[in-house]
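For reference, the chains in residue letters:
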Amino acid sequence: MDFSFSEDELNWQNKARDFARNIIDPKSVERDQIEGGFDPFDWSIIEKGSEIGFRTLAVPTEWGGPGTGFVTQALVMMALAKGDSGICKAFSQNWKWSHLIVNACNDEQKKRFLTEFINDHRYMLGRGITEPNAGCDNRLPPDNDPKAGYRLRAERDGNDWILNGEKTFIANGSVGSLFFIDARTDPNVDITKGGTLFLVHKSTPGFRIGKIFNKGGWRFYQNAELIFEDARVPHANVVGSVGTGSVKAAGGDTTGGDLFGDLELAANAVGICDDANQMAMLYATKVECSGKKLVDHQLIQLVISRMNMLTEALRSFVLRVAWEHDQGKRSANGVLMVNYSTDVVLEVTKLNMEVHGAHGCRNNPRVDKLVRDAMIWGHLAGDTSLRLKAFSKLDQGIGLEKVKT
Amino acid sequence: MFNMSLTSEQLEFQAMLCDFVTNEIKSESIKPSRLEPFDKPLMKDLLNQTSELGLRSISLSEEAGGVGADLMTSCIILEELSVGDVDIAVTLSQTALLAGLLFDNWMTKKQHDLYISDFLSDATFHLAYVGHDPDALAGWNYHTTIKEEHIGSPFATKLDENLIINGAVNFVTNAPIASLFIVPVSFEGKMTSLLIPKDIAGLKIYPAIKTTGKEQNRWHHGTMSRVEFTNCYVPIDDCLKNSDNGRDFSTRNIIQRAAINLGVGRVAFETAIEYTKIRRQGGADIIAHQAIGKMIADMAIKLEHARTMIWKAAWVLDNPDAVIDNNLSNLPLHIIASSFTAEVITDVTHLAAECFGAMAVMRDMPLQKYVEDAFIFANSDTNNLSTKLRITEAIVQSDR
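All figures in this text were calculated on a predicted structure; none of them were measured in a lab.

A.B. asks: Looking at this model, I keep getting lost on the interface of chain B and chain A. Mind explaining?
C.D. replies: With 42 residues of chain B in contact, the opposing surface of chain A contributes 47 residues. Contact between chain B and chain A buries roughly 3800 Å² in total, counting both sides, with carbon and sulfur atoms accounting for 59%. Contact with chain A buries area across many residues of chain B, yet Trp140(B), Trp219(B) and Leu385(B) alone supply 18% of it, more than any other trio. Here chain B and chain A share 16 residue pairs in polar contact (both at pLDDT 80 or more) between them. When residues of the side of chain B that touches chain A are traced back to their parent elements, those giving at least two are strand S8 (280-281), helix H8 (290-318), helix H10 (333-355) and helix H11 (367-378) of chain B. At four residues, the largest contribution of residues to the side of chain B that touches chain A is made by H10(B). Among the residues forming the side of chain B that touches chain A, the class breakdown is 19 nonpolar, twelve polar and eleven charged.

Set out below in structure tokens:
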């Protein structure tokens, strides 16, 4: 085993640390405290990061990107998220879908869309699958209800498809230039048979942005409704084949899209935990209580030790999974890791809140911000359905075989 | 005889408030237009309407013109109010608790007669305690000989028949709306409490703490601000009868706050149940799924335990003989109830939020507010990392 990083990995990590320290961190709380759904967003941060390569980090060299591996991507996310989790996610969301373009699209589509993506510092990517009545059902379609899951309708019209319906809570929704859209091309069968994946550019006639959501955490990061009113999408924008199920068209969990999604959240969580640990230690070494520094109280020592223990365990898990992805190994570890990160990031940030107490929480809005950011894990991506998804990925035959033998 | 039945009066109060909260308060407090902005000013019209139901004077004796409710009844009422709006509940709990202590116990007859009719006739007459829980940080002194001083209290010097007060206290609940202040001051090495009306010279009440802008501070409930004394002359006649009333106030305040926190958990729980009955995923209403069913059961267990503990602790404070007779353990039950409630209500609000999926983190939906409200109670002046050690101190009967 070798736990050391390559020179290239360390270079990217250092670039991300510098960017987080000098550009993100000074703006983090300021952006968080701005009212509204869209207003906390700031294009200048995206553009500066894009110039360094953070927007296009996952694009292979043959398509003009830096061609980094999963370990590098994990290291960069950890560093950026320490500055601000939501800003980190605004960058890494693009990696997720550029992975998918590379893995699921044909060469013509790759050329068309990756070229645009590489050349425009404001070109952001997203995927619209969630709808008001279709959340968990998209991830775990029920056997007994073929109507369950996304309902956005796509109907063929010559060389085009006409899309009608709406998507909700869509990441990068209000700032995205290109979206993968999961749509029903056959409403009479379940989404694994009647679903198709499309690429939809923001300039598509009949497509518009709806409500921009005002969230408690990840306030910089954008989530919005996408509205389709007779939106006309060329057949050339179909990903894979029609009617294969949009999840399958995207390669399920075997491609960079879903596969990266688990790593993305868990690595980001490490960054928040690093931030919380540093804040807790700084506060505890600065503030006195009952005649001695907080850090000299056993209560505080136990809490800070636990925060660091959980963080380091999560870091190890994340880097292991990143390495497995780089080796092409596929297992339940990815989804187990993101489940674990959901628990860890909330516990560590809550413990940081306890170290700060009422006085610290009152005087430093970042304490509360980290918890609000951590809350996102249990609601936008790492909720109960993902815990059930983790079980579905376990090899459920192994235990039985052992009993038999 | 052990009896958990509520009295007919308690049940009536509960039912009346439940209707009022549902029909008048809750619908206003969870409007998206109120939930979404950071700034949530106190809903003063609703506060006044609630006061007119007699809730400002629930703890005041019937002889003095109040309801004469005991602490347990106050807790039942505050839980109901908090289901509607935590800020209204906190505001009224301060005034109501102080009214009972002040008019029935702390004031001289002359002071009582001077203020009682104004208090009873004016629904906007509120009270504020300009001091701290003297034991708030006592857990940090666990098994040490360090004695907490009255750090941060204003101090007094004497001139003729006046005390001259100087100093300031931050984060005083109800200060922006209070007509009368109870101010513990350090005087000649001891604590003395004074009665100070809002319009006295030398008293500066700062505007309510901002919730937006660079000096924002959202880590509080109700309305609060800084209170500052600069050569403030107070007649010696305005000294209250008891010199050190901090513990009288804080033990009851801790229990009342726990009851309000319980209301936060309950409204999160009830909101989650309503939603899980109508949200359909996985081929069924989500309440039919075991994963959701377990969450709801866990929430119910935590809420029932917290309520039982709060009621017991409240009853004991009004019936100290039960401890003297060894019917109940001689432990700081108010700390046990408050600590337990703070822990479980953060769990309950998180579980309730989880039932809502993505909508739980949207600012126009109420769940994110309930979670935040529970966090504020868990990390407040009355709850901190060291609070539990106050219980251990009592167990080992450590003598500082």
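A.B. asks: So what exactly am I meant to see when it comes to the packing of aromatic side chains here?
C.D. replies: Aromatic ring pairs are reported here in terms of the distance separating the ring centres and the angle at which the planes meet. Tallying each qualifying case throughout the model produces 22 aromatic pairs over all chains. Each ring, one from Phe41(A) and one from Phe220(A), has its centre 4.9 Å from the other, and the planes form 40 degrees; the classification is tilted. Of the two residues, Phe41(A) sits in the loop between helix H1 (7-32) and helix H2 (43-52) while Phe220(A) sits in the loop between strand S6 (207-212) and strand S7 (223-234), which places them 179 residues apart along the sequence. With a relative accessible area of 2%, Phe220(A) lands in the buried category. Residues Phe103(B) and Phe119(B) carry aromatic rings whose centres are separated by 5.2 Å and whose planes lie at 40 degrees to one another, so their mutual orientation is tilted. Within this pair, whereas Phe103(B) is found in helix H5 (residues 86-106), its partner Phe119(B) is found in helix H6 (residues 109-121), the two being separated by 16 residues in sequence. The exposure class of Phe103(B) is buried, given its relative accessible area of 4%. A relative accessible area of 0% means that Phe119(B) is categorised as buried. Here the aromatic cluster, defined as three or more aromatic residues joined through ring pairs, consists of Trp12(A), Phe19(A), Phe54(A) and Phe91(A). Between Lys204(B) and the ring centre of Tyr206(B), over which it is positioned, the NZ or CZ distance is 4.3 Å.

A.B. asks: Just checking my understanding: could you explain the environment of Lys96(A) for this structure?
C.D. replies: Residues and elements named next belong to chain A. With respect to the helices and strands, the residue Lys 96 is situated in helix H4 (residues 85-104). Residue Lys 96 is classed as buried on the basis of its relative accessible area of 16%. It is 8.0 Å that separates the C-alpha atoms of Lys 96 and Glu 264, two residues lying 168 residues apart in sequence.

A.B. asks: Please explain the nonpolar core as it appears in this structure.
C.D. replies: Where a protein is soluble and globular, its nonpolar side chains tend to be buried together. Formed by 157 residues in total, the largest nonpolar core has its most connected members in Leu80(A), Leu263(A), Val318(A), Leu81(B), Met299(B) and Ile310(B). Residue contributions to this core peak at 15 residues, all from helix H9 (residues 256-286) of chain A. Discounting residues that sit within four places of it in the chain, Leu263(A) has contacts with Phe70(A), Ala74(A), Met77(A), Val318(A), Val321(A), Ala322(A), His325(A) and Met337(A).

A.B. asks: What is the right way to look at H1(A) in this model?
C.D. replies: All names here are of chain A. The largest bend along H1 reaches roughly 50 degrees and is located at Ile 24, with the proline Pro 26 sitting one to four residues downstream. Of the residues making up H1, those classed as buried are Glu 9, Trp 12, Gln 13, Ala 16, Phe 19, Ala 20, Ile 24, Ser 28, Arg 31 and Asp 32. On the buried face of H1, the contacting elements are H2, helix H3 (70-83), H4 and helix H12 (365-375).

A.B. asks: Would you explain the pattern of salt bridges in this entry?
C.D. replies: Pairing between side chains of opposite charge can happen when their charged atoms approach one another. With the rule as written, the count across this model stands at 41 salt bridges over all chains. A salt bridge links Asp25(A) to Arg366(A); its shortest N-O distance comes to 3.5 Å. Of the two residues, Asp25(A) is situated in helix H1 and Arg366(A) in helix H12; the sequence distance between them amounts to 341 residues. A residue is classified by how much of its surface remains accessible, and Asp25(A), at 36% relative accessible area, is partly exposed. Of the charged contacts in the structure, one is a salt bridge between Arg127(A) and Asp182(A), with a shortest N-O distance of 2.7 Å. Taken together, the residues span a long stretch of sequence, with Arg127(A) in strand S1 (residues 125-128) and Asp182(A) in strand S4 (residues 178-184) at a distance of 55 residues. Residue classification places Arg127(A) among the buried positions, given a relative accessible area of 10%. Each of the salt bridges in this network shares a partner with another, and the network as a whole consists of Glu79(B), Glu80(B), Arg266(B), Glu270(B), Glu304(B) and Arg307(B).

Cut-off values and rules
Residues numbered from 1 in each chain as written. Chains lettered and ligands numbered in written order. Predicted model: local features only at pLDDT ≥ 70, side-chain atom pairs only at ≥ 80, totals over all residues. Heavy atoms only, no water. Contact = heavy atoms within 4.5 Å. Buried area = accessible area lost by both parts, 1.4 Å probe. Polar contact = N/O pair within 3.5 Å; in protein donor to acceptor, adjacent residues only side chain to side chain. Helix = DSSP H or I, 4+ residues; strand = E, 2+ residues; numbered from the N terminus. Nonpolar A, V, L, I, M, F, W, Y, C, P; charged D, E, K, R; others polar. Phe/Tyr/Trp six-rings, centres within 6.5 Å; stacked < 30°, edge-to-face > 60°. Buried < 20%, exposed > 50% of the residue type's maximum accessible area, 1.4 Å probe, protein only. Lys NZ or Arg CZ within 6 Å of the ring centre and 35° of its normal. Core = buried A, V, L, I, M, F, W, Y, C linked by side-chain atoms within 4.5 Å. Bend = angle between axes of the 7 residues up to and from the residue. Salt bridge = Lys/Arg side-chain N within 4 Å of Asp/Glu carboxyl O.

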